[in-house]
Amino acid sequence: MLNRIKLWKKPNPSSPLRDRIEQIKKAAIPEHVAIIMDGNGRWAKKRALPRIAGHHEGMKVVRNTTKLANQLGIKVLTLYAFSTENWKRPKMEVDYLMKLPEEFLGTFLPELVEENVQVKMIGYKDQLPLHTLHAIEKAIEDTKGNDGLILNFALNYGSRAEIIDAVKHVLKDCKSGIMNESELDESLFSSYLMTSKLADPDLLIRTSGEIRLSNFMLWQLAYTEFWFTEVLWPDFSDEHLIEAVEAFQKRQRRFGGVKG
Ligand code: IPE
Ligand code: IPE
Ligand code: MG
């Protein structure tokens, strides 16, 4: 147990990345980092393995990335794990992806609890198989008293559906008199989204060389800094997250204003 705590809390002092981590911590850390974890299938294909082997490997990277995000002081880590469009994949692959939360949380939930991580989820719960939902709900329940890093899984998440649902909800609340149309502004609309309790991402990372959003957080990413890499998700390492955060720290965010 002690070893595990040490592993989480202290970077290996001999690690060449240690200095970079310390440097990063001296400047502004992106509070919310969102990642489109892509390229598992191609990783497997390159090795003549079935696609699911790539998903399995990718799961280990989720653990490492969470660990480092926690160490860096990132407040929210949103991971795009399954989109509303991913149901189009072969049943066997979908079934495997739906087993991953159980496998991941079955192994790492105690570690997440210990490390003060809060597990959360955005996405449509209704269509998830019960075993998937139960694993996620147990993790959310077991970590609800924690107040450290929020590990937010986007599971069966789709941004367009989320926006349509928010619009419908707004219309309903206007009709029933809960809200007045004149009150509706960006901040109130945001509160109708699945991310209502989270700040917008500061940094978006997408792996595997694809330069697109694939229906991810279209509203929330309006002023987010993007960082794309050719690296496939199962090959994404501490070094890459550090590189992304370093790149973020060199950016000048203007939000439509002028340079400060
Ligand atoms: C990302 O890897 C994982 C999910 C979308 C669930 P992919 O499975 O999309 O891998 P590629 O893009 O086919 O390589
Ligand atoms: C986006 O990746 C969804 C996730 C990473 C969960 P996809 O692999 O589904 O995206 P496309 O199909 O290449 O746009
Ligand atoms: Mg993909």
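Owing to the predicted nature of the structure, the values given are computational and were not obtained by experimental measurement.

Draft legend 1. Region of the structure containing the overall build of the chain. Each helix and strand in the chain was counted, giving nine helices and six strands. The C-alpha atoms of the chain give a radius of gyration of 19 Å, which matches the 18 Å a tight globule of 260 residues would have. Taken along the three principal axes of its C-alpha coordinates, the chain extends 60 × 50 × 35 Å. In the chain, which comprises 260 residues, the share counted as buried stands at 47%. Positive and negative charge centroids in the chain, built from 37 and 35 side chains respectively, lie 4 Å apart.

Draft legend 2. The site of ligand 1, seen in detail. The full set close to ligand 1 counts 13 residues, and D38, G41, R42, R51 and R89 are the nearest of them. Between ligand 1 and G39 there is a distance of 3.3 Å, counted from an oxygen atom to a backbone nitrogen or oxygen. Considered on its own, ligand 1 offers 380 Å² of accessible surface; in the complex 87% of this is hidden by protein. Where the shell around ligand 1 is concerned, the elements lending two or more residues are α3 (40–46), α4 (51–72) and α5 (91–114).

Draft legend 3. Layout of the packing of aromatic side chains. With the rule as written, the count across this model stands at ten aromatic pairs. By way of ring pairs, the aromatic residues Y80, Y157 and F216 are connected into one cluster.

Draft legend 4. Looking closely at the packing of α5 against helix α6 (residues 130–142). Their axes nearest at 8 Å, the elements α5 and α6 cross at an angle of 15°. If you check the angle between α5 and α6, you find them roughly parallel. Our pair here, α5 against α6, has a crossing hand that is left-handed. Across the interface between the two elements, M98, K99, P101, E102, L105, L109 and V113 from α5 touch H131, T132, A135, I136, K138, A139 and D142 from α6. Residue composition of the contact of α5 with α6, by class: eight nonpolar, two polar and four charged.

Draft legend 5. Structural context of the side chain of T195. For T195, the position within the fold is in the loop between α8 (186–190) and β5 (203–206). Discounting residues that sit within four places of it in the chain, T195 has contacts with I122, E162, M217 and Q220.

Draft legend 6. The arrangement of the sheet that holds strand β1 (residues 32–36) in detail. In spatial order, the strands read β3-β4-β2-β1-β5-β6; together these six strands make up an open sheet with parallel pairing. Since the sheet does not close on itself, it has two edges, and those belong to β3 (118–122) and β6 (225–228), each with one partner. With strand direction ignored, the average angle separating the axes of adjacent strands in the sheet is 20°.

Draft legend 7. Representation of unusual backbone geometry in the model. Backbone geometry at N156 places phi at a positive 55°, although glycine is not the residue there. Considering the arrangement of structural elements, one finds N156 in strand β4 (residues 150–157). Classification of N156 by relative accessible area gives buried; the value is 1%.

What counts as what
Residues numbered from 1 in each chain as written. Chains lettered and ligands numbered in written order. Predicted model: local features only at pLDDT ≥ 70, side-chain atom pairs only at ≥ 80, totals over all residues. Heavy atoms only, no water. Helix = DSSP H or I, 4+ residues; strand = E, 2+ residues; numbered from the N terminus. Rg over C-alpha atoms; globule rule 2.2 N^0.38 Å. Buried < 20%, exposed > 50% of the residue type's maximum accessible area, 1.4 Å probe, protein only. Lys, Arg positive; Asp, Glu negative; His and termini not counted. Charge placed at Lys NZ, Arg CZ, Asp CG, Glu CD. Near = heavy atom within 4 Å. Polar contact = N/O pair within 3.5 Å; in protein donor to acceptor, adjacent residues only side chain to side chain. Areas by Shrake-Rupley, 256 points an atom, 1.4 Å probe, with all protein chains shown as cover. Phe/Tyr/Trp six-rings, centres within 6.5 Å; stacked < 30°, edge-to-face > 60°. Axes fitted to C-alpha atoms, helices over the stretch in contact; angles between N-to-C directions. Parallel < 35°, antiparallel > 145°, perpendicular 65-115°, else oblique. Left-handed = near helix turned anticlockwise from the far one by under 90°. Contact = heavy atoms within 4.5 Å. Nonpolar A, V, L, I, M, F, W, Y, C, P; charged D, E, K, R; others polar. Pairing = 2+ DSSP bridges.

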